[in-house]
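# Residue-level structural notes
Residues per chain are reported as follows:
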Amino acid sequence: MNVRRLPNGEYLLDLRGTVCPYPVLYTRKALENLKGGEVLQVILDNPPSLETVPASVKALGHDILEVREVEPAVWAIKIRRR
Amino acid sequence: MVEDVFKEYGEIGINSLELACGCAVKVDLENVVYPAIRELRHRLPNKRFDIPSKRDAEIVAAGRKVEVHRRVYKLGFETDVDPNDIRSINPQTCVAVFQVFQRYAGSREKFTELLEPVYKRISESGASLRFGKGHSIVTTSPEESIAIFDFITVREPITSKLLAINNDTVNIIDPTIGVGDRRQVIGALCNALNDLFVMGVHEELRVAPLIGVLDPSLRGKMIWHARNFSRELDFELLDVPQFNSRRLFIGATVLGTTDRQPPTREELVKPGMNVVVTRPFGELSPITVYVSSLLDNEVASEVESKGIPLSELKCMKEKAVEIISSHNLRAAKVVSKYLPKIGEKFNVEEHIPLASDISGPGIYIFAEIADRTNTSIEVSEVPLLFPEVSEYAAERFLMANATAGTNGAFCLITHENITEDVVKDFKRAGYSPHIIGKVKEAGLAKVRMPKEVLKYVTNIANPIIEVND
C-alpha cells in the first residue's frame, strides 16, 4: 500500500477496495513510518473498518482528528501520529 | 511467503486484499437486509409473493421431480430480469445471492433501491413464488453488483417428505493457501450444506455449485474438487451455469430431503431448557491472525510475546481450515434422531425444538435465539477453539467479532430429559458438545453472558446482550 505526500504536508493512504483485517494493518504500518505530529489521511469504503480503524489507532495512542464522509459511502479518517 | 501466494492470486486477476475470510463478507443483516426486506414486502404489487425475513434454510414440500434453474441479473434500474422466462420456469420457490457494491452495503435505503427493480420485474411474471433463503455479500467493484437467482421447481409432491434449500457463499477460506486448493472449495460447500445439516436434513443431497471467477481453468479445477467431494459425501453435483467475476466467490445452492419435522419450533422453547453447542467455535480467528502476522512483523512479535510461537499459530490455522473443510453429516444425523417424523406429535421432552448454525454470528447467535423465542437466556460458558488467538484478534481490532466461524458448530435448545443423551450422541459422533447455558424466562428477549465475552469482540453493541459484572 503506497502512502502519498499531499501538498499540504499531510500523508494519504488510499485503502478503498480492501476489507478487514487489511485496513487496520496498513493504517498501523503507515503510521509507523510517520514522525510524531504528522497527519495521515486514510480513505476507506469498507463500513466495518470505520469502527475498527479509529479504535485501533486510538488504542495505540494516536489522535483521531476527523472522520468524514467525503463522497457517498467513502470516508476519510484523519489521524495525528503521537 | 504470503506475498508469493498473493502474487499467485494477482496473476489470475484476484486482489487478495479484497477477499474476506469465511463468513466475514455479509451485508449487515440486522440493520440493512432485514429492514430492506420488510420494506419490499409492502411495496411489491404481487401479493402472491412471500419473502420470509429470517431463516437458516428454506423448507418446502418435497417432490419427485426437483429442478434448479439459475439466472444471473443486474441489480438496480438496469436489471435484465425477463418475466416471460420466469413464467415459463413456473418456480415454487427460489434462493438468491445479492452481490452488492460495498459502498451501498451499509445503507438500507440504497440496498432497497438496488433490489426493488429486480423483485418488481420478477413479480410481473405473475408467478406465485416464495422467496426462500437469500443472502447478500459485498463487492469492492460497482460493476459487479449482481443478483444470482436459483429458481426451484418441485413437481409431483411427496407428502411424507420435506425439501430444504440453502445458499451460501464465501470469498475465500484461507488466503494464505492456493486459490485452487481443495480446502477452499470443500470449506465453502460444507458451509452451504451446514444450514441443511443443522436442520437434521441429510438425505438426497444435491449441490449446485456457485463459482465466481474469471479464469476458466481455475473454475474447472474448483468444479473438479466439488465433483470429488460429491463422491465422498454421496451427493449429486448439479450442472448449472456459472459466471465470470473479478472478485472470487465460492459457494453453492444445496438441496436435501428429510422425513422429519424441522427444529424451528420457537414457540416450544420454554424456561428450564438447556443451551447446547456441538463443539467450541470461533474458527476464523487463527486464519485472520495468521495472515496478519505474515503481513506485519509487529503482529508476529506481539503474538509470540503472548506465548504463541508462530509455528503454533500456523498449526492452529491449519486446524481451523481442517475443521471448516470437514462436513457435519454426522451431526445432522444426531439432530435428525431427535426430531419427530412428519405427522407425528412434536414432543419437547423427546425432540429438539430449535437448532441454529453458529457460524458467522458466533456469540451473537444466542441473541438471535433469544429474539426468535422471546426468552431470556443465561450463557455461563463461551467455549472457543482458540481463545488466546480470538482475544488477540479482538484486542488488536483485526476482527470486530473474533468468535465468528464458517461451517460452524450448532447451537441446540434441549429439554433436560434428553440433554444428556443428546450430548452423548454428539460425543459418539466425534464432536465435543458443551452445555453452555439455560433458558431462564419467557416473555422478554435477553441474553446474559459472562464478562469474558468482552475479550473476544471489539464492542458488544447488541441491546439484547447483558454482560455479568
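Residues numbered from 1 in each chain as written. Chains lettered and ligands numbered in written order. Predicted model: local features only at pLDDT ≥ 70, side-chain atom pairs only at ≥ 80, totals over all residues. Heavy atoms only, no water.

### Topic: the overall build of chain A
So the rule is basically this: Starting at the N terminus, helices and strands are each numbered in turn, a helix being any DSSP run of H or I of at least four residues and a strand any DSSP run of E of at least two. Each radius of gyration reported is based on C-alpha atoms, and the globular scaling rule is 2.2 Å times the count of residues to the power 0.38. Exposure categories follow from relative accessible area, calculated using a 1.4 Å probe and restricted to protein chains: below 20% of the type maximum is buried, above 50% is exposed, and the middle band is partly exposed. Two residues form a contact once any of their heavy atoms are found within 4.5 Å. Residue burial considers only the protein chains on display, and all accessible areas are found by Shrake-Rupley using a 1.4 Å probe. When charges are counted, Lys and Arg are positive and Asp and Glu negative, with His and the chain ends excluded. Think of each charge as sitting on NZ of Lys, CZ of Arg, CG of Asp or CD of Glu.
For chain A, the helix and strand inventory stands at two helices and five strands. Counting from the amino terminus, chain A carries its helices and strands in the arrangement β-β-α-β-α-β-β. For 82 residues, the compact-globule formula gives about 12 Å, and the C-alpha radius of gyration of chain A, at 11 Å, lands near that figure. Every one of the 82 residues in chain A was classed for burial, and the buried ones make up 54%. When contacts within chain A are restricted to residue pairs at least 6 apart in sequence, long-range pairs at least 24 apart make up 60% of them. Counting every atom, chain A has about 3,800 Å² of accessible surface; 46% of that belongs to carbon and sulfur. The distance from the centre of the 12 positive side-chain charges to the centre of the 10 negative ones in chain A is 7 Å.

### Digging into the interface of chain A and chain B
A common way to report how large an interface is uses the accessible area buried once the components associate. As a reminder of what qualifies: The quantity reported as buried area is the accessible area (1.4 Å probe) lost by two parts once they are put together, taken as the sum for both. Each salt bridge in this description consists of a side-chain nitrogen of Lys or Arg and a carboxyl oxygen of Asp or Glu lying within 4 Å of one another. Pairs of N or O atoms are called polar contacts if they sit within 3.5 Å, as long as, within protein, a hydrogen donor faces a hydrogen acceptor (for residues adjacent in sequence, only side-chain-to-side-chain pairs).
Between chain A and chain B, the residue contacts involve 27 residues of the former and 27 residues of the latter. Of the roughly 2,200 Å² buried where chain A meets chain B, counting both sides, 56% is carbon and sulfur surface. Together, Tyr-22, Leu-25 and Arg-28 of chain A form the three largest contributors to the area buried by chain A at its contact with chain B, with a combined 27%. In this assembly, chain A and chain B are joined by three salt bridges. Taking the shortest distance from any N to any O, the salt bridge between Arg-28 of chain A and Asp-296 of chain B comes out at 3.9 Å. Applying the counting criterion to the chain A and chain B interface returns four residue pairs in polar contact (both at pLDDT 80 or more).

### Section: the domain arrangement of chain B
All names here are of chain B. Short version of the rule: Throughout the structure description, domain borders are defined by an automatic or database domain assignment.
When its domains are assigned, chain B resolves into domain 1 (2–258) and domain 2 (266–467). Listed by partner, the interface residues are 35 residues for domain 1 and 34 residues for domain 2. On the surface where domain 1 and domain 2 come into contact, there are two salt bridges. Across the pair Glu-318 and Arg-183 runs a salt bridge, and its minimum N-O distance is 3.0 Å. When contributions to the side of domain 1 that touches domain 2 are tallied by element, the ones reaching two or more residues are helix H1 (2–11), strand E4 (146–170), helix H5 (182–197) and helix H6 (216–233).

### Focus: the pattern of salt bridges
All names here are of chain B. Applying the stated criterion to the full structure yields 30 salt bridges over all chains. Glu-156 serves as the salt-bridge partner of Lys-65, at 3.6 Å between the closest nitrogen and oxygen. Pair noted here: Lys-65 is in strand E1 (residues 58–74) and Glu-156 is in strand E4, with a separation of 91 residues, a long-range link. Judged by its relative accessible area of 40%, Glu-156 is partly exposed. In this structure, Arg-183 engages Asp-181 in a salt bridge whose closest nitrogen and oxygen atoms are separated by 3.1 Å. Given the relative accessible area of 22%, Asp-181 is considered partly exposed.

### Comments concerning the sheet that holds strand E1 (residues 3–5) of chain A
Residue and element names in this part refer to chain A. The test is simple: Two strands qualify as a pair provided DSSP detects at least 2 bridges between them. Axes here mean lines fitted to C-alpha atoms, for a helix over just the part in contact, with angles spanning 0 to 180 degrees between N-to-C directions.
Spatially, five strands are ordered E1-E2-E3-E5-E4 in an open sheet, and the strand pairing comes out mixed. The open sheet has two edge strands with one neighbour each: E1 and strand E4 (63–71). Between one strand and the next, the sheet's axes are offset by a mean angle of 25°, whatever the strand orientation. Packing against the sheet, helix H2 (residues 49–59) makes contact with strand E3 (39–44), E4 and strand E5 (74–80), and its axis sits at approximately 0° to E5.

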